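Structural features, examined
Residues per chain are reported as follows:
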Amino acid sequence: MDRIYLDHMASTPLDPAVLDEMLPWLAPGAAGNPHSAGHRAGWRAAEAIERARGEVAALIGARPGEVLFTSGATEANGLALLGAVPEGWPVAASAIEHPSVLACVAELARRGHPARLLPVDGAGRVDPGALDGMGPALVSVMAANNEVGTIQPVGELARRCREAGGLFHTDAVQRLGSGRIDVAALGIDLLSLSGHKLHGPMGIGALVVRQGVALRPLLFGGGQQGGRRPGTLPTALCVGLGAACRIAGERRDAEALRLAGLRERLFGALAAGLPGLRRNSPEGDGGLPGCLHVSVPGADAADRLLDLDELALSTGSACSSGQGGPSHVLLAMGRSAEEAFGSIRIGLGRFTTEGEVDRAAALLVEAFGGPRG
């Protein structure tokens, strides 16, 4: 039985159109190393990667030369925070950041950098005023949260950070499939993105580094990508990321409207069938169009979801699953541990249909509406 896939916040299925562009670069005849300058196979691979770099840059209003390919957003986040912070500078991040960012903040604190977590309100939003008086600092706030979908005011945060003489980084992996971010217009210094959150391949991402921002490499041994992120680039994966970015840019406005409609259709059905249901994700334009996060009173969501073989969804971040504790995102938003353990994160995507949403709602109401175990 095929499951209804509703875990797009964790990973998006590879778009067949993206796969079609990758396949020629996976064939035996496409074995050229893109960094080999002495033969045609290497030149062709290098040209394909540079086209992909341009497609990534076009999605977020950057110059192609500002795009560094990485293995994914976790590496990009680490390279941004550990590689761009000047010696002795304070570092700050929101309390609801991805674990890859929070771990870097903790590491920088261990190295002697003053570190601060910025609080969020009940909707998971950072108040830009929290940056006032901070002085020059490296600030990292995600464009949209990976659990509840809250969209942050990154433009205003970047402006205040820049006026204070600091640097601003945003983890934008969740936002780019259905929203517009222009790094030049918003004054963003560093931006992380990931292929598998854009219906592209796993194992590839990028860090966008504004021209003029100094970046120390975390890896050594080769001169690829100006030495800032050395290592042989995977041609097929880079081509896939470029295609995914190009397609996302072409479809994001229409896709945002469609997903928002499906999200509200789903919430309406769940609220009608589950009295007391609490919505944790923001309504309207304040949240990601494809993200719905709710808490069911008195329920152990992880236990209930185990019996739902027809649905593929989660209780929270895939990067934190199995840790056993309540979501740090929900706790920072002021939710109780009970509400956190009773929460469901539903992620809708490019191939989600109305029929799947209606079927999922019926199954969830049946599973969570029965007697409490």
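Residues numbered from 1 in each chain as written. Predicted model: local features only at pLDDT ≥ 70, side-chain atom pairs only at ≥ 80, totals over all residues. Heavy atoms only, no water.

When you line up the elements, L14 lands in the loop between β1 (4-5) and α1 (16-22). As for L14 and P201, which are separated by 187 residues in sequence, their C-alpha atoms are 6.1 Å apart. Contact partners of L14, with chain neighbours within four places excluded, come to L19, M22, H199, G200 and P201. (Helix = DSSP H or I, 4+ residues; strand = E, 2+ residues; numbered from the N terminus. Contact = heavy atoms within 4.5 Å.)

Next up on the list: helix α2 (residues 40-59). Counted at 1.5 Å a residue, the expected span for α2 with its 20 residues is 28 Å, and the 29 Å between its end C-alpha atoms agrees. Those residues of α2 that fall on the buried side of the exposure criterion are G42, A45, A48, I49, A52, R53, V56, A57 and L59. Positive backbone phi, at 70°, marks G61, one or two positions downstream of α2. (Expected span 1.5 Å × (residues − 1). Buried < 20%, exposed > 50% of the residue type's maximum accessible area, 1.4 Å probe, protein only.)

This brings us to the sheet that holds strand β9 (residues 278-279). If you trace the 3 strands from one edge of the open sheet to the other, you get β9-β10-β12, paired in antiparallel fashion. On the outer flanks of this sheet lie β9 and β12 (343-347), each paired with one strand and no other. When β9 meets strand β10 (residues 291-295), the two strands line up antiparallel, connected through 2 bridges. Within the sheet, the bridge partner assigned to R279 lies in β10 and is V294. (Pairing = 2+ DSSP bridges.)

On to the pattern of salt bridges. Where charged atoms from two side chains of opposite charge approach closely, those side chains can pair. All chains considered together, the criterion is met by 24 salt bridges. Residue R53 is joined to E50 by a salt bridge in which the shortest nitrogen-to-oxygen separation is 3.1 Å. Of this pair, R53 and E50 both sit in helix α2, 3 residues apart, which is roughly one turn of that helix. Judged by relative accessible area, R53 falls into the buried class, the value being 9%. For E339, the salt bridge is made with R278, and the minimal N-O distance between the two is 2.8 Å. Highlighted residues: E339 in helix α10 (residues 337-341) and R278 in strand β9, separated in sequence by 61 residues. For E339, a relative accessible area of 22% gives the class partly exposed. (Salt bridge = Lys/Arg side-chain N within 4 Å of Asp/Glu carboxyl O.)

Attention now goes to the nonpolar core. Core analysis: the biggest nonpolar cluster contains 52 residues, and F69, L118, V139, F168, L176 and L191 have the highest contact counts within it. It is helix α7 (residues 235-273) that provides the largest number of residues to this core, a total of 7 residues. Aside from chain neighbours lying at most four places away, what touches F168 is V139, V141, V154, L157, A158, C161, I188, D189 and L190. L6, F267, L311 and L364 belong to the second largest nonpolar core, which has 28 residues in total. (Core = buried A, V, L, I, M, F, W, Y, C linked by side-chain atoms within 4.5 Å.)

Inspection of every chain in the model, using the stated rule, returns 0 aromatic pairs. The ring of F267 is capped by R279, whose NZ or CZ atom sits 4.7 Å from the centre of that ring. (Phe/Tyr/Trp six-rings, centres within 6.5 Å; stacked < 30°, edge-to-face > 60°. Lys NZ or Arg CZ within 6 Å of the ring centre and 35° of its normal.)

Taken across its 5 residues, β12 has 5 buried, putting it largely inside the fold. Of the two faces of β12, the one holding S343, R345 and G347 and the one holding I344 and I346 are both buried throughout. Pairing of β10 with β12 involves 5 bridges; the strand directions are antiparallel. Paired with S295 across the two strands is S343, which belongs to β12.

The mixed open sheet is built from 7 strands, whose spatial order is β2-β8-β7-β6-β5-β3-β4. Two strands bound the open sheet, and with one partner strand each, they are β2 (67-70) and β4 (115-118). Along the sheet, successive strands turn relative to each other by an average axial angle of 20°, direction set aside. Strands β2, β7 (190-194) and β8 (205-209) of the sheet are contacted by α2, whose axis makes an angle of about 110° with β2. Packing against the sheet, helix α4 (residues 99-110) makes contact with β3 (91-94), β4 and β5 (138-140), and its axis sits at approximately 155° to β3. (Axes fitted to C-alpha atoms, helices over the stretch in contact; angles between N-to-C directions.)

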